[in-house]
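A structural walkthrough
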Amino acid sequence: MAKDKKNPPLMIFGLDGGDAGFIRRWAEEGYLPTIASIMLRGCQGAVVGPELLSTQGAWLSLFSGVSRSSHGHYYNRQLVPGAYEIRNIAAQDIHALPFWSHLRGDSKKVAIIDALEAELLPGLPGVQLANWAIQQQYNHAIVPPSAEPASLLSDIRSHVGPPIHIEVFKPDSSFHEDVAAYRLILKRIEEKGVLCRRILAQDQYDLVVTMFVEAHTAAHRLWDYRPGGIRHIEGMSEKSGLGTAIRDVYQAIDREMGLLLKQLPDESNCFILSLFGMKDLYPTTGLIEAFCRQLGYQVPSHGDQNSPSAFTWLRRAIRPEVRARMSQWLPRRVQTRLETDRFQTETNWAQTRAFSVPALNTSFVRVNLRGREPQGIVEPGPEYESLLCQIEADLKQLVDVRSGKPAVERVIRTAEAFRCGPHSVLPDLSVEWKSAPYFMDRVQHPKAELVQVRPYYNRSSYHTFSGFVAAAGPSIKAGRDLGEVSPLDFAPAFQSLMGNPLPQNLTNRILNQCVHCPSLNTGMTTMAG
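A brief structural summary. (Residues numbered from 1 in each chain as written. Predicted model: local features only at pLDDT ≥ 70, side-chain atom pairs only at ≥ 80, totals over all residues. Heavy atoms only, no water.)

**Side note on the packing of helix H6 (residues 175-201) against helix H7 (residues 214-222)**
Worth spelling out the cut-off: Angles run from 0 to 180 degrees between N-to-C directions of axes, and those axes are lines fitted to C-alpha atoms, restricted for helices to the stretch in contact. Only DSSP runs of H or I with at least four residues qualify as helices, and only runs of E with at least two residues qualify as strands; both kinds are numbered from the N terminus onward. Each angle receives one of four descriptions, namely roughly parallel if under 35 degrees, roughly antiparallel if over 145, roughly perpendicular if within 65 to 115, and oblique otherwise. Residues count as neighbours in contact if any of their non-hydrogen atoms are within 4.5 Å of one another. Under the grouping applied here, Gly and all other residues not named as nonpolar or charged are polar, the nonpolar ones being Ala, Val, Leu, Ile, Met, Phe, Trp, Tyr, Cys and Pro and the charged ones Asp, Glu, Lys and Arg.
As a packed pair, H6 and H7 sit with axes 11 Å apart at the nearest point and diverge in direction by 175°. Put simply, H6 runs roughly antiparallel to H7. Here Glu177, Asp178, Ala181, Tyr182, Ile185, Arg188 and Ile189 of H6 come into contact with H7, specifically with Glu214, Thr217, Ala218, Arg221 and Leu222. Looking at the contact of H6 with H7 residue by residue, the classes come out as six nonpolar, one polar and five charged.

**Overview of the sheet that holds strand E12 (residues 363-367)**
Condition: A pair of strands is labelled paired if DSSP reports no fewer than 2 bridges between them.
The antiparallel open sheet is built from four strands, whose spatial order is E11-E12-E15-E14. Edge strands, defined here as strands with exactly one partner in the open sheet, are strand E11 (354-357) and strand E14 (408-413). The average undirected angle you get between the axes of adjacent strands in this sheet is 25°. With four bridges connecting them, E11 and E12 associate as antiparallel partners. Among the inter-strand pairings, Val357 is bridged to a residue of E12, identified as Phe364. The strands touched by helix H11 (residues 285-294) are E11, E12 and strand E15 (429-433); relative to E11, the strand with the most contacts, the crossing angle is about 170°. The strands touched by helix H15 (residues 382-396) within the sheet are E11, E12, E14 and E15, with E14 carrying the most contacts at an inclination of about 170°.

**With respect to the nonpolar core**
Inclusion rule: To form a nonpolar core, buried Ala, Val, Leu, Ile, Met, Phe, Trp, Tyr and Cys residues must be joined to one another through side-chain atoms within 4.5 Å. A 1.4 Å probe rolled over the protein chains alone gives each residue an accessible area, and that area as a share of the maximum for its type sets the label: buried under 20%, exposed over 50%, partly exposed in between.
Core analysis: the biggest nonpolar cluster contains 73 residues, and Trp100, Leu207, Phe291, Trp433 and Phe490 have the highest contact counts within it. Other than its neighbours up to four places away in sequence, Trp100 contacts Phe63, Ile112, Ala115, Ala118, Leu121, Leu124, Leu207 and Val209. Core analysis: the next-biggest nonpolar cluster, separate from the first, contains 58 residues, Trp26, Ile38, Ala147 and Val179 among them.

**Some points on the packing of aromatic side chains**
The line we're drawing: When two rings of Phe, Tyr or Trp (its six-membered ring) have centres within 6.5 Å they constitute a pair, described as stacked for plane angles under 30 degrees, edge-to-face for angles over 60, and tilted for the intermediate range. Only Lys NZ and Arg CZ are tested; either one counts as a charge over a ring when it is within 6 Å of the ring centre and within 35 degrees of the ring normal.
Within this structure, the stated rule accounts for 21 aromatic pairs. Ring geometry for Phe175 versus Tyr225: centroids 6.4 Å apart, planes at 65°, classification edge-to-face. Taken together, the positions of Phe175 in helix H6 and Tyr225 in the loop between H7 and helix H8 (230-233) put the pair 50 residues apart, joining distant regions of the chain. Summarising the aromatic geometry, the rings of Phe343 and Phe355 are spaced 6.0 Å apart at their centres and angled 65° between planes, so their arrangement reads as edge-to-face. With Phe343 in helix H14 (residues 332-345) and Phe355 in strand E11, this residue pair connects regions lying twelve residues apart in the sequence. Of the two residues, Phe343 and Phe355, neither departs from the other in class, the shared state being buried. By way of ring pairs, the aromatic residues Trp59, Phe63, Phe99, Trp100, Phe271, Phe490 and Phe494 are connected into one cluster. Positioned above the aromatic ring of Phe212 is the side chain of Lys192, whose terminal nitrogen or guanidinium carbon lies 5.3 Å from the ring centre. The ring of Tyr438 has Arg402 sitting right over it, with the charged end atom 4.1 Å from the ring centre.

Structure (structure tokens):
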């Protein structure tokens, strides 16, 4: 990497899905010496805030410094503004460039390797690799890797081999299949380390960003084998040898990070970042829809309304539990078309006050607001605010029938969290459900019992919405506890560490608490929200 007395090289490790509790405990116990060394030599903190209301779009916010209230990305499939339609989100729909885009035309060189939610940028000096070792979503097409320059792909394939694809979810998988997946995860971590070290050995770089997603993949695929997990309780962990599998994966990542750091100059600044942890939680899609419909917020259409399509008639003829089993055999494009058709045609929009936007675990509720939605009936202002209060009150009354405890952990009101008023793209409410080690099929409300059918994609784990940061280096103040920081705090800190001039009105918490370097713009003020 490049050596610059004024601006030391910057190394950023992304640990996708890295649980802060696991990291801190295993670092303290000696299993993660690389991370422990960074924590000891520098500073650490927790990454929190409304930018983490969903996994999708969070790394985008961190790398760009642009809030969700501006880029609007919150899920893989979102409501189309101005329509009752949901569609996949494409790169061209998002307008937020990573902080390293400011280096185009600069002499500083970058090595960007599998940075999540960041597209390749032409004109950057250095190398970029995307989609080589990332988490593939269940039943989604595999996105082929790409590189800048394109010749990098052939070089990697000839020295490392082809990309390794791992199934993050395999229903009713056997011990043999899960052990094979575990070994494949470890192999991919090792190969990712080889790949990164090869790239770093070929040139000197001022900025390196690389991400390991295997902690995320392993936690989902092997969650039930961990101590306290369903298969561990049933004695299957010993039989399969997977009782420490998740910790083993963290150890493997820590080892590769340590080898990479040895390849860097001693004066390099290093950040280790995660945005989400893991917890017990099964899908809740059916619960939020039942909530909106049974409590009268989302009014169903009648059989003769909205000109039902062939998809609609077919769906109505098949029982929900049968449809759930059948869906696994349908191509993804057909599943998507069925979901979109159902969303559009099975609601009487002219009488609906609020509705759910389909999502797997975190639930999203949108008010049918006049002037924003095509057939909006709720007036902005007091009526809108009153309706949100009513929905929140009803959500707080939901009780998990099995445990007898509240079913909802928290509700985020978007307009308050982002200080933006009713948003044109974001949902009005984001609902985080209570962690439960079982499928929550029934939830009780004083006025109704909500029931959901077990889906085919019935994964047992989901995310906690807080992350971890540790940093060390010549520009990092040692012995500091950052406390709680926002994902939006990092892009300006990284730009300062790169010696780039910063615009005004950027958040500066990390700069004030953690960073000391001559390039800091001391006139910066904190961005509202």
